Amino acid sequence: MRYLDSLALAQIKNLRLPPLRRLAAEGTLGGRHRSAYKGFSQEFAEHREYVPGDELKFIDWKVYARKDRYYVRQFIDEKSLKSYFLLDVSGSMAYREGGTMTKYEYACRWTLAMAYLILKQKDQVGLATFDAKPRDFLSPEDRMQHLRLMDDVLARTEPAGVADMPAAMQAFSEHLHRRSLLLVFTDLLGDPVAMRRSLRAFRAMKHEVLVLQVLDPAERELPWDGQVRVEGLEGGAPVDLDAAALREPYRRRFEAEMRLNEAAFREAEIHYRVLWTDRPWFDSLSHFLTRLSQSY
Amino acid sequence: MSFLHPALLWALPLAAAPLVIHLLFRWRHRPVVFSDLVLLAEAAARTMPRRRLEEWLLVAVRCALAALLVAFFARPLLHWGLGGPPADEKTGMDVVILLDASYSMGAVTQGRSRFERAKQVAATVLASLRPQDRAAVVAFSDRIEGSSGELDSGKERLLPWLERASPSWHGTDYRLALESAFSILSRSASGRKAVVVLSDNARHGWRSLKPADTAAAVPFFDPKVRLAGLAWPDAPGNAAVEPARLEGETLAVPVTLWGRPSADTDLTVVRGGRPTAKTRAALKRGVNMALFQLGASTGALTGRVEARPDALAADDASHFAFTVRERPRVLALEAASRELPTFQGGYFLKRAFQSALFPLEASFADPADLPRARLEGIKAVIVLSPEAVDGAGAARLEAFVRDGGGLWVVPDGRAGAGPALGPVLPARIAGPSGAGTGLRVEAAGALLGLPFRWAEFDLEKVSFDRAFRLEPKEGAETWFRTGRGDPALVAGRLGRGLVMVSAAPFQPSWSNLPLKPVFPALVSAALLRLTRAAGPAERQNLRLEEVFTHAWQPEAAPLQAVITGPDRMTHRLPVLDGRIQFARTDLPGLYDLRAEGPAGREETAFAVNLDPALQEGDLQGEPDVPWTLIGEARFAEDLYRLLFGREVRHYALAGLLLLLVAESLLMRKP
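Residues numbered from 1 in each chain as written. Chains lettered and ligands numbered in written order. Predicted model: local features only at pLDDT ≥ 70, side-chain atom pairs only at ≥ 80, totals over all residues. Heavy atoms only, no water.

Quick word on a positive patch on the surface
The line we're drawing: Put simply, a patch holds well-exposed residues, over 30% relative accessible area, that have no salt bridge, with like charges counted together within 9 Å and Val, Leu, Ile, Met, Phe, Trp or Tyr side chains within 5 Å. A 1.4 Å probe and the Shrake-Rupley method give the accessible areas. Residues count as covered only by the protein chains that appear here. We define a salt bridge as a contact between a side-chain nitrogen of Lys or Arg and a carboxyl oxygen of Asp or Glu at a distance within 4 Å. All tallies of charge rest on Lys and Arg as positive and Asp and Glu as negative; His and the ends of each chain are not included. Every charge is mapped onto a representative atom, which is NZ of Lys, CZ of Arg, CG of Asp or CD of Glu. Numbering goes from the N terminus for both helices and strands, where a helix is a DSSP run of H or I of at least four residues and a strand is a run of E of at least two.
Taken together, the side chains of Lys62, Arg66, Lys67 and Arg69 of chain A present a region of like positive charge at the surface. Within the secondary structure, arginine 66 of chain A is located in helix 2 (residues 61-67).

Details of the interface of chain B and chain A
For clarity, the threshold we go by: Whether two residues are in contact is decided by their heavy atoms: any pair within 4.5 Å suffices. Note: buried area is the sum, over both parts, of the accessible area (probe 1.4 Å) each one loses when the two are combined. Identification of polar contacts relies on pairs of N or O atoms within 3.5 Å, with a donor-acceptor requirement for protein atoms, meaning one able to donate a hydrogen and the other able to accept it, and with residues adjacent in sequence counted only if both atoms are side-chain atoms. Under the grouping applied here, Gly and all other residues not named as nonpolar or charged are polar, the nonpolar ones being Ala, Val, Leu, Ile, Met, Phe, Trp, Tyr, Cys and Pro and the charged ones Asp, Glu, Lys and Arg.
Contact residues are listed per partner, giving 25 residues for chain B and 33 residues for chain A. Here chain B packs against chain A, burying approximately 2,500 Å² in sum over the two surfaces, 67% of which is carbon and sulfur. For the chain B face of the interface with chain A, the top three residues by lost area are Phe34, Ser35 and Leu39 of chain B, together amounting to 25%. Taken together, the links from chain B to chain A amount to one salt bridge. Close ionic contact of arginine 253 of chain A with glutamate 42 of chain B constitutes a salt bridge, the shortest N to O distance being 2.5 Å. At the boundary of chain B with chain A, the tally comes to 10 residue pairs in polar contact (both at pLDDT 80 or more). Of the residues forming the side of chain B that touches chain A, the biggest block, 13 residues, is contributed by helix 2 (residues 38-74) of chain B. Residue composition of the side of chain B that touches chain A, grouped by class: 13 nonpolar, three polar and nine charged.

Topic: the sheet that holds strand 1 (residues 2-3) of chain B
Residue and element names in this part refer to chain B. Rules: DSSP-based pairing: two strands are paired if at least 2 bridges between them are found.
Pairing in this open sheet of three strands is antiparallel, and the strands run 1-3-37 from one edge to the other. Only two strands of the sheet have a single partner each, and these edge strands are strand 1 and strand 37 (646-647). Here two bridges tie strand 3 (residues 76-78) to strand 37, and the two strands are oriented antiparallel to one another. When the bridges of strand 37 are listed, leucine 78 appears paired with arginine 646.

Considering the sheet that holds strand 9 (residues 193-198) of chain B
Residues and elements named next belong to chain B. Our working rule: Every angle, taken between N-to-C directions, lies between 0 and 180 degrees, and every axis is a line fitted to C-alpha atoms, over only the stretch in contact when it is a helix.
The six strands are arranged 8-7-4-9-10-36 in an open sheet whose pairing can be described as mixed. A single partner strand is all that each edge strand has here, and the edge strands are strand 8 (144-147) and strand 36 (628-630). The sheet shows a mean angle of 25° between the axes of neighbouring strands, direction not considered. Strand direction decides the pairing type here: strand 4 (residues 94-100) and strand 7 (residues 134-140), joined by seven bridges, are parallel. Paired with valine 96 across the bridge in strand 7 is alanine 136.

Concerning the side chain of aspartate 88 of chain A
All names here are of chain A. The test is simple: Throughout, exposure labels follow a simple rule: accessible area from a 1.4 Å probe, protein chains only, divided by the maximum for the residue type, with under 20% read as buried, over 50% as exposed, and the rest as partly exposed.
Tracing the backbone through its elements, the reader meets aspartate 88 in strand 4 (residues 82-88). Despite its burial, aspartate 88 remains without a salt bridge, the nearest opposite charge being carried by lysine 103 at 7.2 Å. Polar side-chain contacts of aspartate 88 include one of 2.9 Å to the side chain of serine 90. Ignoring anything within four residues of it in the chain, the contact list for aspartate 88 reads Met93, Tyr104, Phe130, Ala163, Phe185, Thr186 and Asp187.

Thoughts on unusual backbone geometry
Even without glycine at this site, lysine 206 of chain A takes up a positive phi of about 75°. Residues other than glycine seldom take positive phi values, yet asparagine 201 of chain B does so here, at roughly 55°. Assignment of secondary structure puts asparagine 201 of chain B in the loop between strand 9 and helix 6 (214-217). Judged by relative accessible area, which is 4%, asparagine 201 of chain B ranks as buried.

A word on helix 7 (residues 347-354) of chain B
Residue and element names in this part refer to chain B. We count it as follows: Directions pointing from the helix axis toward each C-beta atom define the arc.
Of the positions making up helix 7, those classed as buried are Phe348, Leu349, Ala352 and Phe353. Buried residues in helix 7, looked at end-on, bunch into an arc of 135°, giving them a common side. Buried-residue contacts for helix 7 involve strand 18 (361-365), strand 19 (378-383) and helix 9 (518-531).

Focus: the packing of helix 6 (residues 192-204) of chain A against helix 8 (residues 243-267) of chain A
Residue and element names in this part refer to chain A. Worth spelling out the cut-off: In what follows, roughly perpendicular refers to angles from 65 to 115 degrees, roughly parallel to angles under 35, roughly antiparallel to angles over 145, and oblique to any angle outside these ranges. By definition, turning the near helix anticlockwise from the far helix through less than a right angle yields a left-handed crossing, and turning it clockwise yields a right-handed one.
The N-to-C vectors of helix 6 and helix 8 enclose an angle of 20°; their axes lie 11 Å apart at closest approach. Relative to helix 8, the element helix 6 is oriented roughly parallel. Considering how the two elements wind past one another, helix 6 and helix 8 form a crossing that is right-handed. Residues Pro192, Arg196, Leu199 and Arg200 of helix 6 pack against Glu257, Leu260, Asn261, Ala264 and Phe265 of helix 8.

A short note on the environment of arginine 584 of chain B
Residues and elements named next belong to chain B. Looking at where arginine 584 falls in the secondary structure, it is placed in the loop between strand 33 (579-582) and strand 34 (589-597). Remark: the alpha-carbon pair of arginine 584 and leucine 544, spanning 40 residues in sequence, is separated by 9.0 Å. In this structure, arginine 584 is in contact with His571 and Tyr591, ignoring residues within four places of it in sequence.

Structural data, given as structure tokens:
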């Protein structure tokens, strides 16, 4: 696999995804997560009156003997978590200036590593890529073979085009019928207000959302000097500027935007983390998981 | 400002190097790729305008730095203010001193006349000349009064010439003076040339030249020639008494107040050396008129009008000389018994006499009283009601005319000239004539010496609806004709006198002549001719340097005339063709004329006054003169500084340091 080779596997082998206790998965398959719904599993919950259509095997004959009515047994069901990896594949994700790889590659490595860890927990992982609209979609599966499919999709995807996260999220939300864990890999560049609003919309739908903002250090530092003509990977009219003169004002503006992101996501109870591509992806992943385990 | 090493200024274009470099780098952009431009463009839009301003400021400061550096090495010289010695002591200069000798320079301020002060300044400049310097002095007014000649380094020759210079009675013309100075300097090869204008910077000196036109308008103009002038901190007011006019028995004296909104002065009329009238005049800015009633008198009327002495004494008095002749007496005969309606008979004539339009004394009488009327002293008789003159009256009038009197018969609208006067008239009245338009003057020779020209009137607008047809008798002259050629006024001699007859009465129902402006002129001309009164007196009040002319009848002409000027200098003039011409009227004042001829001794006078049109009484200076004004106190020193400048390299150095500080401050900005 391109983004999860043997070296990567060896690195993440010992990592463990903390239990996402806060997220009560509502999947139909058994898993490590306590369902919000009563179902049919090992741990008894209560009885309820039989209605036609209930499986006969769950009828509690002892109660029938006492009450002369049909009751079925209900159990607290453990269900599998559905996790969706949403990858921004717009042109800006192909940017690489100060990092060790492009933002897209960085996000891909993270995606597959996280997917591996989730699959290891018998949960399901799905994949969706988007730019201005959804591009690829893999339904959630809990099989390890699913990783190869995901890798194939990501490997053949070239970041390009203009990002339109609100539109893409709107389209993606039609695939979501249950509460899920959404891991969004994006650089949040473009119209940050609209992006935040679209992500908050998922949260309002009771999905657990994890926003991982992938950024190249150059996007914060503007590492050029002198007069430059800046052309955007997502198009737009080139901007002529004196890089040295603009560096500090831009940086202030950039950091203000990040603070705004942080505040907005905190308020919306969205987990938000910035991934700098100059940091080895494994380091940042392990650090992230450590922090996550502390917070859950 | 100038420079000691101006050749170094060729390096001045280097000052543009920062600008060129800035533009080069500004337009050469290195292309780079960035992930997304939204934030970047937003930050750029907010930051770059201010940054660009700072960049341009920095470029400007750097350019100024480079320029100042070049200027520093070129050694700048200032030509104004700051004091200190001139920078260049070796180079010689050529200077032409223009000394204003117009009479406004006679204005006294601070106890001395401006002319004396200007002379003093000129002497200072000449005295300060170094051996390598040359100078010339030109005294000017509205003409070149005198010149020391070509540029000369000999102070000993120039200073006495200057000492002899005196003010004139002329006006000011800067164009002429500057042309003269530039002409002298055009023959000089010196690197430093200057014209020093020692004048009161009179506003009226620019009639032939606008101050802003100096460079383009003056011949020989050289832009390298520096112009310096004398600054006058004081601008005194002045009242100028202008030539008086005699209007009837009133002496009208215009007094112009210059430079003050209002002032008062005492005006005195001096005749025969004694003040005869005095008044206090409250003057306002501009022309004021003072009137003096002189009373009825005839003969010579001479004297002067004096104002209280002020800054400019030259125009504090004006002189006058008039000859008041006795007004000829005229008797108008009109039937008093007739109730004459308005516009009929002698209405217009009477109104004209009453309004003193004519220089005549007129009285009216009834023709019936003619036999008893006293005609002594009467010069002419106008008969407006000829039908009322009976035979005795006609005989009286004929005798009057034959004795040298004048008679003008204006026909009556109904009866013409009447039977009694018919033989006396120079023309027969032969019935009515046709209507016609226009009036023609035939007797140009007989009506010479009038104060007007007939062409000034619209004679073609005179119309005759009705008129009598006049048939001139032998020897009679037709002086006026109607437009269709019929005689309108015929004159003929009778004995020693003259008789005239008109073709129409002075009534609008006959002719519109009495309503036309030519009517008073025609009556005036006719009466002057009838009374043999002299025409307007010869001009006895002249402007300075205007030629005086006096004429005698050939039979009464003397052999010579003697004119004595106000300076008591006597001029003997031969009388040629009965006249003299005298052009030495170059001093204001009264000139006496004496002559002894066959008719006896004649003594008369004429007055010569300054020309008020020169406006020399205005002592306010032109604020925008084309020369640099320098104070009187240190004129020579400041003139040298103006020409050679004072080195101000240390100021350039200070400027350099300041700009360096500014540059470093701008550079330190993030």
